[in-house]
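# An overview of the molecular structure
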Amino acid sequence: MKAGLILATVCVALASAPLAAAQLYQWKDAQGRMQYSDQPPPPSVRNAQQKSFKGNLIEVGESYAAKTAREKSPVTLYASACGAPCDQARQLLSERGVPFSNKDPQASPESQAELQKLTGRLSVPVLVVGSDRIDGFETGQWQAMLDRAGYPKSAPPGRKPVPAAAPAPAAP
């Protein structure tokens, strides 16, 4: 009995495989309206377009909200091994699922020059979201800035982002 059920399930799965690759037809009817169908157009129709689809696409990785926010307002974190404030800053961004560039002014002369030009000093952490900036870490201010930029309030289940650019290790 079990073997028959398994065999029937396999047959149904194999028979439905061609259905995953669907055809879509597009054409204009006699009244000039655009028509879409999975059936071929009538023979009298000219300039019909046929498109093939190979099933569903499931988006993997970054959420749509995070992607949109990242494109409009990219996040850069200037942080070093400054202790609790820098660690909490990184943790907050990771918990929210915010993709960010991590720049360490202690490890990179370029990052140090950027931070000096941006703030006039070398204090970290500094959060830059789009064209807005916050010096120092304060959870409420950082949350509000990320909310305004449209970042999700938490990372997708099972995912924690890795900083876009990990800091280079300091030379001994």
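Residues numbered from 1 in each chain as written. Predicted model: local features only at pLDDT ≥ 70, side-chain atom pairs only at ≥ 80, totals over all residues. Heavy atoms only, no water.

Okay, the nonpolar core next. By size, the foremost hydrophobic cluster in this structure holds 18 residues, and its most contacted members are Val75, Leu93, Val129, Leu146 and Tyr151. For this core, the elements supplying multiple residues, two or more each, are strand E4 (75–78), helix H3 (84–96), strand E6 (126–129) and helix H5 (139–149). Contacts of Leu146, omitting those with residues within four sequence positions, involve Val75, Leu92, Leu93, Arg96, Val98, Val129 and Tyr151. (Core = buried A, V, L, I, M, F, W, Y, C linked by side-chain atoms within 4.5 Å. Buried < 20%, exposed > 50% of the residue type's maximum accessible area, 1.4 Å probe, protein only. Helix = DSSP H or I, 4+ residues; strand = E, 2+ residues; numbered from the N terminus. Contact = heavy atoms within 4.5 Å.)

Here we come to the pairing of E6. Residues Val126 and Val128 point to one face of E6 and Leu127 and Val129 to the other, with burial holding for every one of them. Sheet analysis places E6 next to strand E7 (residues 132–135), joined by 4 bridges and oriented antiparallel. The residue of E7 that forms the bridge with Val128 is Arg133. The hairpin turn running from E6 into E7, its antiparallel successor, is 2 residues long, and Gly130 in that turn takes a positive phi close to 65°. (Pairing = 2+ DSSP bridges.)

Now for the state of the cysteines. Counted under the stated rule, the structure contains 1 disulfide. Residue pairing for Cys82: its cysteine sulfur links by disulfide to Cys86, the two sulfurs lying 1.9 Å apart. What sets the handedness of the Cys82 and Cys86 disulfide is the S-S torsion sign, and at about 115° it is right-handed. The class for Cys82 is partly exposed, based on a relative accessible area of 31%. Using a relative accessible area of 0% as the deciding quantity, one classes Cys86 as buried. (Disulfide = S-S within 2.5 Å.)

Here we come to the confidence of the model for the protein chain. Averaged over every residue, the pLDDT of the protein chain is 79; the share at 70 or more is 72%. Looking over the protein chain, one finds the lowest element-wise mean pLDDT in helix H1 (residues 2–16), namely 58, and the highest in E6, namely 96. Predicted confidence for residues 164–172 stays below pLDDT 50, and this span has 9 contacts to residues more than four positions away or in other chains. (pLDDT = per-residue confidence, 0-100.)

Moving on: the sheet that holds E7. Spatial ordering of the open sheet is given by E5-E4-E6-E7, a layout of 4 strands whose pairing is mixed. Edge positions in the sheet fall to strand E5 (100–103) and E7, since each of these pairs with one other strand and no more. For this sheet the average axis-to-axis angle between neighbouring strands, irrespective of direction, equals 15°. One ladder, built from 4 bridges, connects E4 with E6; its direction is antiparallel. Residue pairing for E6: Val75 is matched across the bridge by Val129. (Axes fitted to C-alpha atoms, helices over the stretch in contact; angles between N-to-C directions.)

Looking now at the pattern of salt bridges. Under the defined criterion, the tally for this structure stands at 7 salt bridges. Of the charged contacts, one joins Asp147 and Arg96 as a salt bridge, the two residues approaching to 2.7 Å between their closest N and O atoms. Placement of the pair is Asp147 in helix H5 and Arg96 in helix H3, with a sequence separation of 51 residues. The class of Asp147 is partly exposed, set by a relative accessible area of 32%. On the accessibility criterion, Arg96 (2% relative accessible area) is buried. Among the salt bridges present, the one from Asp135 reaches Arg121, with a minimum N-O distance of 3.1 Å. Of this pair, Asp135 sits in strand E7 while Arg121 sits in the loop between helix H4 (109–119) and E6, and the two are 14 residues apart along the sequence. (Salt bridge = Lys/Arg side-chain N within 4 Å of Asp/Glu carboxyl O.)

So, on to the packing of H3 against H5. Taken N-terminus to C-terminus, the directions of H3 and H5 make an angle of 35°; their axes are 11 Å apart at the nearest point. Like other packed secondary-structure pairs, H3 and H5 cross with a definite hand, here right-handed. Where H3 approaches H5, its residues Ala89, Leu92, Leu93 and Arg96 are matched on the opposing element by Thr139, Trp142, Gln143, Leu146 and Asp147. Here the residues of the contact of H3 with H5 sort into 5 nonpolar, 2 polar and 2 charged. (Left-handed = near helix turned anticlockwise from the far one by under 90°. Nonpolar A, V, L, I, M, F, W, Y, C, P; charged D, E, K, R; others polar.)

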